[in-house]
Amino acid sequence: MSWMRKTLLSVFHYPVKLLVKDHSIPANVESELGIDRSKPIIYLLPTNSVTDQLALRMATQRLGLPSPTAEISVAGKTYPSSLFLRKTEPLFVKTASHTDVDAVFSSLFHLHRDHDDVDVQVVPVFVSWGRAPGKGTPGLSDLIAHHASPSWLRKLFIVLFLGRDNFINFSKAVSAREMSTQRGSDESIAHKLVRVASTHFHRKRQSMTGPTLLERQELYNAILGSESVKEAMYESQHSKRGKKKGEDPRETAKVYINEIAADYREGLIRFGDRILTRIWNKIYNGISVGHAERIRELAANGHEIIYVPCHRSHMDYMLLTYVIYHEGMVTPHIAAGINLNFWPAGPIFRRSGAFFLRRSFAGNQLYTAVFREYLELLFNKGYSVKYYPEGGRSRTGRLIPPKTGMLAMTMQAVLKGVKRPVSIVPVYIGYENVMEVKSYLSELKGSGKKKESNLQVFSAIRKLRDYGHGYVNFGAPIHLNQFLEQSVPNWRETLPADMDKKPAWLTPMVNELANEVMLRINRNAAINGMALVSLCLLSSKTQTMTEKELIRAMGNYLTLLKQAPYSEDATIPDVNAKTMLEETLALKRFNVSQDGYGTLVAPLKDAAVYLTYYRNNILHLFALPGVIQAAVFSRPSIHRHEVLRLMAALYPLLQKELFIYMTQDAALTYTDELINTMIEQGLLICQDSGELFPPPSSERAFHSAWLLSRCMQETFQRYAVVLTIMARERVISRNNLERTSRQVAERLSTLYGMNSPEFFDKNVLSSFISALRENHWIDSTEDGSLKYCEESDALRQDVLTLVWPEITQHLQNVDAQC
């Protein structure tokens, strides 16, 4: 390193330390990027910048990585620990010249050929200052910031104005040893590495800033000039409705564009990041992010990314965008309901990337065409997009059966031809506390949904505190082009001439896609203390447990899920049960009392029903263990084969209701694995004959096993209600079955104190009845009525063996009771 470079690094060390706040991406470079601290590291940066190098040094010091300003010795030769593709742009020249990086790499590869024990890691590092995308019409900020290799004068302003928004983006380490073994001369391999690195840095910049922003006139021209919108305007002009009102369809279409389109402002995103960081620090103990490497890999490979998260709370809009921003990705354009477009929230959301859609398009051909063209424009321009497949927030904590409208429009855009590969990323979002949970219960009991307003927003913000952890897990992406090829191999030959018309196979294929999205969301579930404590307390007969019982049960369940994982993607906190319980009780959402024998934990007064929301977030993880234990506790002994037979009967129904990702065969294999794990834990006793028994009541594991046997009880009871009504009526219309089932379920809830509002929810009951038909447990008559049959009776008998005796006795007298 030259004395001039050393002097500059020394002079600017303290100013950079004062002005710059670096953010490292990813947080764990060793596990995600394969960087080995024991091997020599050379950092490869796009630009020979002193401030970039100093910012990188700050990040490496915090991560415990070698310094980028030192030199490394390899086989007796000295190399700089940082290399650069380009020199800094001269003050009065617009292009930067290249460095001698090719020659350095050629020498390095030659060294590796001569020394078998040497392996230097080349780590590409992209240093970003701010995240502003380009504009069609450059402004003053673009003159400062939008240069790949800015001059020292521009860099001065960049550090002054954007120093707090510095991102150090590390990439996977490249082994110089492996590179040196490739075909070709050292010079050609070095040139290839430099060329690939240049492309890689370009994609990094795109993934962080996104494409050039659309000017409003460009947006008008693109949408109004499309064939589908022209046709819709023509139809509107010549329809009776259009003539009567005397409207200009083109002006109406412009009004729709202004109503729908986002007005993204990166400055607001940066300001929002500072505000949200303070809010998260106030209300959350932390935000856990899982599998973020998946979205970074998609961006590195040039994919159009569509995020499809579950919808728990209005907080989802901000939380997921915040997480994506801090994972080094451009924030997506977000589909939001028109109900959120009220002042001042609406303009803020719009400038943060939200675009608004009506709850119903109600046959409005022009609005539909404008919205579809806008969505396709976002895809083709390279903007990432986020929308909620459930169509609204879950009021029960379960996933809601998906609405397919947005997915259908997405797939139609793919059929027309999006320039880049399109990938859907399912996202699981979980909270230890949801701010709307009380209002959800009121809505489920029949009260109307409150319209969003400023008063509602400020009231919610004022009450935010002690919300525990937030969880965001990114699921395995669905590559739409591949999904299309697998689902409809001959789709090209069957496309209609008019691309705006749906082919016959589109709707069933989109339904399959929507179901796969929901399965992958639940596959990425995050276990948390609030959900696990809720599961235990609600399974307890009195909804009260001792602290020791809770710790023991939680520990058993955590061990069960670690030894027999629900999926590779589901996440479990790296804490023991005692610590998890302490952190959960610290949220002050439970009544903790003392008696002469120890600590008792129970729900707060009249708050047990709220716990069902958090239990339902993870209930699908315990569905199969719950069936196993319910079967074992329901009779003196049961053979393993009988448990598997019972699971085979019930699993298709549970899968549809709870969106469990496993196939039937995989579920039975997992059931066998669970039985073996429970035997090892002492949660089950198995004789040589294969007979299964619950653990003796004198054993500590008995209570944990007993709680598991009760966690699915309300589901079994709901199944029993529907099947018993069918057994009584023999033939019944679907509407009558749903109405009567709900009445009986409500009565049971009142008589026996069921705490789950979804116990008599019409959507859950409707989903179960659909599953019965799809799996041929009930027949249909010519007029569409539902018919009880032998298969129905066999299933009913199986279900009744799992239901508590008092419920069974009540259902036997259902005629008299109802």
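Scroll up to find the structure this text is about.
Reference entry: report on the structure contained in this document. Remember, it's a predicted structure, so these values are computed and weren't measured experimentally.

1. Topic: the overall build of the protein
- From N to C terminus, the protein includes 36 helices and 25 strands.
- The C-alpha atoms of the protein give a radius of gyration of 30 Å, which matches the 28 Å a tight globule of 818 residues would have.
- If you line up the protein on its principal axes, its C-alpha atoms span 95 × 75 × 55 Å.
- Counting the 818 residues in the protein, one finds 55% classified as buried.
- Carbon and sulfur atoms make up 52% of the accessible area of the protein, which totals about 36,000 Å².
- Charge separation in the protein, taken as the distance between the mean sites of 96 positive and 83 negative side-chain charges, equals 8 Å.

2. With respect to a nonpolar patch on the surface
- A surface patch of nonpolar side chains, amounting to about 830 Å² of accessible area, comprises L18, L19, W152, L153, L156, F157, L160 and F161.
- Elements that contribute at least two residues to the nonpolar patch include exactly α2 (13-19) and α7 (152-162).
- Considering each element in turn, the nonpolar patch owes the most residues, six residues, to α7.
- Along the chain, L19 falls in helix α2.

3. Observations regarding helix α5 (residues 101-114)
- For α5, built from 14 residues, the straight-helix expectation of 20 Å at 1.5 Å per residue is met to within 8% by its first-to-last C-alpha distance of 20 Å.
- Within α5 the residues assigned to the buried category are V101, V104, F105, S106, L108, F109, L111 and H112.

4. As for a negative patch on the surface
- On the surface, D779, E790, E791 and D793 cluster together to form a negatively charged patch.
- By residue number, the principal contributor to the negative patch is helix α34 (residues 790-802), which donates three residues.
- Within the secondary structure, E790 sits in helix α34.

5. Description of the side chain of T60
- Note on placement: T60 falls in helix α4 (residues 50-63).
- The exposure class of T60 is buried, given its relative accessible area of 0%.
- Those residues in contact with T60 that sit more than four places away from it in its chain are Y43, L65, P66, S67, P68 and F170.

6. Looking at the pairing of strand β12 (residues 354-357)
- Residues A354 and F356 line one face of β12 and the alternating positions F355 and L357 line the opposite face, and both faces are buried.
- Across four bridges, strand β11 (residues 333-337) lies against β12 in parallel orientation. Within β12, the residue paired with A336 across the bridge is F356.

7. Here we look at the sheet that holds strand β25 (residues 786-787)
- Sheet architecture is open: three strands sit in the order β23-β25-β24, paired in antiparallel fashion. Unpaired on one side and paired on the other, β23 (731-732) and β24 (779-780) mark the two borders of the sheet.
- The pairing of β24 with β25 spans two bridges and is antiparallel. Its bridge partner being in β25, S780 is matched across the sheet by L786.

8. Comments concerning the nonpolar core
- Core analysis: the biggest nonpolar cluster contains 225 residues, and F105, F355, I424, F474 and F622 have the highest contact counts within it.
- If one sorts the elements of this core by residue count, helix α27 (residues 608-633) sits on top with 15 residues.
- Among the nonpolar cores identified, the runner-up in size contains 27 residues, and I41, M58, L65 and L162 belong to it.

9. Let's talk about the packing of aromatic side chains
- Within this structure, the stated rule accounts for 22 aromatic pairs.
- Note on F355 and Y374: the rings are 5.6 Å apart at their centroids and 65° apart in plane angle, and the pair reads as edge-to-face. Separated by 19 residues along the polypeptide, F355 in strand β12 and Y374 in helix α18 (residues 365-381) bring together distant segments of the chain.
- Among the residues examined, F355 registers a relative accessible area of 0% and is labelled buried.
- On the accessibility criterion, Y374 (4% relative accessible area) is buried.
- Through successive ring pairs, a cluster of aromatic residues spans Y256, F355, F361, Y367, F371 and Y374.
- Positioned above the aromatic ring of Y220, the side-chain terminus of K254 is 5.2 Å from the ring centre.

10. Quick look at the pairing of β11
- Counting buried residues in β11 gives five out of five residues, a clear majority hidden from the surface.
- Side chains H333, A335 and G337 of β11 all project onto a buried face; the interleaved residues I334 and A336 project onto the opposite face, where all are buried too.
- Read from β11 through helix α17 (residues 345-351) to β12, the crossover connection turns out right-handed.

11. Some thoughts on unusual backbone geometry
- Of note, the amide linkage connecting I25 to P26 takes the cis form, showing an omega dihedral of -5°.
- Turning to its location among the elements, P26 is positioned in the loop between β1 (22-25) and α3 (29-33).
- That bond from W343 to P344 is cis: its omega, 0°, falls within 30 degrees of zero.
- Not every positive phi belongs to a glycine, and Q543 is a case in point at roughly 60°.

12. Comments concerning the sheet that holds strand β20 (residues 638-639)
- Strand order in the open sheet formed by three strands is β20-β22-β21, and the pairing between neighbours is antiparallel. Each having just a single partner strand, β20 and β21 (685-686) make up the two edges of the open sheet.
- Note that β21 and strand β22 (residues 691-693) share two bridges and pair antiparallel. When the sheet's bridge partners are listed, I685 is paired in β22 with F693.

13. Remarks on the packing of helix α31 (residues 713-729) against helix α33 (residues 762-774)
- Between α31 and α33, the shortest axis-to-axis distance is 11 Å and the interhelical angle comes to 65°. For α31 against α33, the interelement crossing comes out right-handed. In contact with R718, Y719, V722 and L723 of α31, α33 contributes V764, L765, F768, I769 and L772.
- Within the contact of α31 with α33, the residues separate by chemical class into eight nonpolar, no polar and one charged.

14. Thoughts on the environment of V159
- Checked against the element boundaries, V159 lands in helix α7.
- Once you skip the residues sitting within four places of it in the chain, V159 turns out to touch L19, V20, T51 and W129.

15. Brief notes about the side chain of E266
- Take E266: it is sitting in helix α14 (residues 266-283).
- Look past the residues within four positions of E266 in its chain and what remains in contact with it is G130, R131, A132 and P133.

What counts and how
Position labels on residues start from 1 in each chain and follow its written sequence. This being a predicted model, a pLDDT of at least 70 is required before a residue's local features are given, and a value of 80 or more before pairs of side-chain atoms are given or counted; all residues contribute to the totals for chains, interfaces and linings. Just so you know, side-chain values use all the structure's heavy atoms and leave hydrogens and water out. Numbering of helices and strands runs from the N terminus; a helix is a DSSP stretch of H or I covering at least four residues, while a strand is a stretch of E covering at least two. Put simply, the radius of gyration uses C-alpha atoms, and a globule should come to 2.2 Å times the residue count raised to 0.38. Accessible area is worked out with a 1.4 Å probe on protein chains only. A residue is then buried under 20% of its type maximum, exposed over 50%, and partly exposed in between. Here, Shrake-Rupley sampling with a 1.4 Å probe gives the accessible areas, and only protein chains in the shown set may cover a residue. We score Asp and Glu as negative and Lys and Arg as positive, and we do not count His or the chain ends. Every charge is mapped to an atom, namely NZ of Lys, CZ of Arg, CG of Asp or CD of Glu. Note that patches include only residues with greater than 30% relative accessible area and no salt bridge, and the join distances are 9 Å for like charges and 5 Å for nonpolar side chains (Val, Leu, Ile, Met, Phe, Trp, Tyr). Criterion for a salt bridge: a side-chain nitrogen of Lys or Arg within 4 Å of a carboxyl oxygen of Asp or Glu. The span expected for a helix works out to 1.5 Å for each residue beyond the first. Note on definitions: a residue-residue contact is assigned when non-hydrogen atoms from the two residues lie within 4.5 Å. Here, a strand pair is defined by DSSP locating no fewer than two bridges between the strands. Remark: nonpolar core denotes a set of buried residues (Ala, Val, Leu, Ile, Met, Phe, Trp, Tyr, Cys) joined through side-chain atoms within 4.5 Å. Only the six-membered ring of Trp is used, alongside the rings of Phe and Tyr, when aromatic pairs are assigned; centres must lie within 6.5 Å, and planes under 30 degrees apart are stacked while those over 60 apart are edge-to-face, with the rest tilted. Comment: the charge-over-ring label is applied if NZ (Lys) or CZ (Arg) is within 6 Å of the ring centre and within 35 degrees of the ring normal. Here is how to tell: hold the view so the strands point away, follow the path from the first strand over the helix to the second, and if it runs clockwise the crossover is right-handed. For helices, the fitted axis covers only the stretch in contact; all axes are lines through C-alpha atoms, and the angles between them, taken along N-to-C directions, range from 0 to 180 degrees. Each crossing is labelled by how the near helix is turned from the far one, with a counterclockwise turn of less than a right angle marking it left-handed and a clockwise turn marking it right-handed. Following the grouping adopted for this structure description, the nonpolar residues are Ala, Val, Leu, Ile, Met, Phe, Trp, Tyr, Cys and Pro, the charged ones are Asp, Glu, Lys and Arg, and the polar ones are all others, Gly among them.

As far as function goes, none of this settles anything; it's purely spatial.
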